[in-house]
Amino acid sequence: PHLAALVLARGGSKGIPLKNIKLLAGVPLIGWVLRAAIDAGVFHSIWVSTDHDEIEKVAKQFGAQVHRRSPEVSQDSSTSLEAITEFLNQHHEVDIVGNIQATSPCLHPSDLIKVADMIQKEGFDSVFSVVRRHQFRWSEVKKGENKMTEPQNLNPAKRYRRQDWPGELYENGSFYFAKRHLIEKGYLQGGKMAYYEMRAEHSVDIDIDIDWPIAEQRVLSFGYFGKEPLKEVKLLVCSIDGCLTNGRIYVTEDHKEMVSYDYRDIVGIDLLKKRGIQVRLISDRDCSKTLSAMQLGCVAKVNVTNKLQVLKDWQEDMGLSWKEVAYLGNEESDVECLKQAGMSAVPADACAAAQKAAGYICKSRGGCGAVREFAEHIFLLLEKVNSARKQ
């Protein structure tokens, strides 16, 4: 049977405009779940249902197909079931839908693989995700009511210790898998039904209980970053014009060139060096005089016609794997380097081709702190590497 992943991503949002493609830890929110779905390898097709051009663009960048939903199922009052039903009406080849929530960025492929087995091999009609919580519930007393609250799942005279109580299962909203015949009857949950319990640290729902800065920390600690394990970065290669500088060249009356840079980026380079990470610079043009004036103390290659070849030469000379190389670029000449490096980033104002190839999009513009921001991102990921080693 044809198993399709379907991510519902409407353009409208009452809380955060275009939340589904807002950058979370350098990646569009929807990109986290699409990466997990693709790497799971269990879906015959992966779709994003949207009514917005920008969301469609991002979805295709991450390898998903796009279903343009109608205005009738794109309203604030529209339900997920209505949007899924419309999708099935136009895609008759699909037998099972795995509805994955875009707002669950800590989803891992291993969870999706196990759920696919449950619904394809074990014969369940619907499977949904839950998380175990240890929370005591009390009855609600509305204002003006003359009564006392009552315990719902505890005896106040004998409160459980956490380690003595198994807790309760709650839907966490990460995904809802269901067979076509069930959805056509108007149900997402029903028939032979089962839950799939996710780990608490992976149960991040931005819609319900978490704000953006906290979510970024959770994703950096518990998110899924790709099939290969992260390695410690040992080399950062940075394109000069448009990354270390803002790309502008000022020419004086006596034909001398001047550029500007942000001191925060110089601090970022120094911090990288102190962590044992080499920083090397690269440029399409001859800017050796500018580099000499900046006194950065970094190996640099200028007037380069093939950046990828220079990057390969440096990588081989240092005996590094590509996972140990990071690259910060901003132009089309950087695209192949961004694709090859284990960790890649671009400033906020990089060209579209570079943004598409990068793994991280900085909030800062070129020459305005992008190098420092990427350095801090590398440090956070190194913490993740070190944590994994300890485990």
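Residues numbered from 1 in each chain as written. Predicted model: local features only at pLDDT ≥ 70, side-chain atom pairs only at ≥ 80, totals over all residues. Heavy atoms only, no water.

S.K.: Lay out the sheet that holds strand β16 (residues 343–346) in plain terms, naming residues and giving numbers.
M.R.: Within the open sheet, the six strands sit side by side as β14-β13-β10-β15-β16-β17. Their pairing is parallel. Only two strands of the sheet have a single partner each, and these edge strands are β14 (299–301) and β17 (360–361). Note that strand β15 (residues 325–328) and β16 share three bridges and pair parallel. Residue pairing across strands places Leu328 opposite Ala345, the latter belonging to β16. (Pairing = 2+ DSSP bridges. Helix = DSSP H or I, 4+ residues; strand = E, 2+ residues; numbered from the N terminus.)

S.K.: Can you lay out the packing of aromatic side chains for me, pointing to particular residues and giving the numbers?
M.R.: Tallying each qualifying case throughout the model produces eight aromatic pairs. An angle of 5 degrees between the planes, with centres 5.8 Å apart, marks the rings of Tyr160 and Trp165 as stacked. An aromatic cluster is built from Phe43, Phe175, Phe177 and Tyr196, whose rings are joined through pairwise contacts. Its end group placed over the ring of Phe124, Lys192 keeps NZ or CZ at 4.9 Å from the ring centre. (Phe/Tyr/Trp six-rings, centres within 6.5 Å; stacked < 30°, edge-to-face > 60°. Lys NZ or Arg CZ within 6 Å of the ring centre and 35° of its normal.)

S.K.: So what about the domain arrangement of the chain? Which residues, and what values?
M.R.: By the assigned domains, the chain splits into domain 1 (3–135 + 166–222) and domain 2 (235–389). Distance from the C-alpha centre of domain 1 to the C-alpha centre of domain 2: 35 Å. Taking both sides of the interface into account, the surface hidden between domain 1 and domain 2 amounts to around 820 Å²; carbon and sulfur atoms contribute 59%. On the domain 1 side of the interface with domain 2, the three residues burying the most area are Leu23, Gln61 and Leu220, jointly 53% of the side's total. Inspection of the region where domain 1 meets domain 2 yields one salt bridge. Residue Lys363 is joined to Glu216 by a salt bridge in which the shortest nitrogen-to-oxygen separation is 3.6 Å. (Domains from an automatic or database assignment. Buried area = accessible area lost by both parts, 1.4 Å probe. Salt bridge = Lys/Arg side-chain N within 4 Å of Asp/Glu carboxyl O.)

S.K.: Provide a residue-level description of the nonpolar core, including the pertinent values.
M.R.: In this structure, Leu281, Phe374 and Ile378 are the most contacted members of the largest nonpolar core, which totals 43 residues. At eight residues, helix α13 (residues 370–390) tops the list of elements feeding residues into this core. Split by domain, the residues of this core number at least three in each of domain 1 (3–135 + 166–222) and domain 2 (235–389). Once you skip the residues sitting within four places of it in the chain, Ile378 turns out to touch Val233, Leu272, Ile277, Ala326 and Met343. (Core = buried A, V, L, I, M, F, W, Y, C linked by side-chain atoms within 4.5 Å. Buried < 20%, exposed > 50% of the residue type's maximum accessible area, 1.4 Å probe, protein only. Contact = heavy atoms within 4.5 Å.)

S.K.: Can you lay out the sheet that holds strand β1 (residues 3–8) for me, pointing to particular residues and giving the numbers?
M.R.: If you trace the seven strands from one edge of the open sheet to the other, you get β5-β4-β1-β6-β8-β7-β9, paired in mixed fashion. This sheet does not close on itself; its edge strands, each paired only once, are β5 (65–68) and β9 (193–198). The average undirected angle you get between the axes of adjacent strands in this sheet is 30 degrees. As paired elements, β1 and strand β4 (residues 45–50) share five bridges and run parallel to each other. In the sheet register, Leu8 faces β4, and the bridge partner there is Ser49. The sheet contacts of helix α1 (residues 29–40) involve β1, β4 and β6 (96–100), and relative to β4 the element is tilted by about 160 degrees. (Axes fitted to C-alpha atoms, helices over the stretch in contact; angles between N-to-C directions.)

S.K.: Outline the pattern of salt bridges, supporting the account with residue identities and numerical values.
M.R.: One pass over the full model with this rule turns up 21 salt bridges. Of the charged contacts, one joins Asp53 and Arg68 as a salt bridge, the two residues approaching to 2.9 Å between their closest N and O atoms. Taken together, the residues Asp53 in helix α2 (residues 53–61) and Arg68 in strand β5 connect sequence positions 15 residues apart. Since its relative accessible area comes to 37%, Arg68 is described here as partly exposed.

S.K.: Provide a residue-level description of unusual backbone geometry, including the pertinent values.
M.R.: Look at Asn303: it is not a glycine, yet its phi comes out positive at around 60 degrees. Note that Asn303 resides in the loop between β14 and α10 (307–317). Owing to a relative accessible area of 53%, Asn303 belongs among the exposed residues under this scheme.

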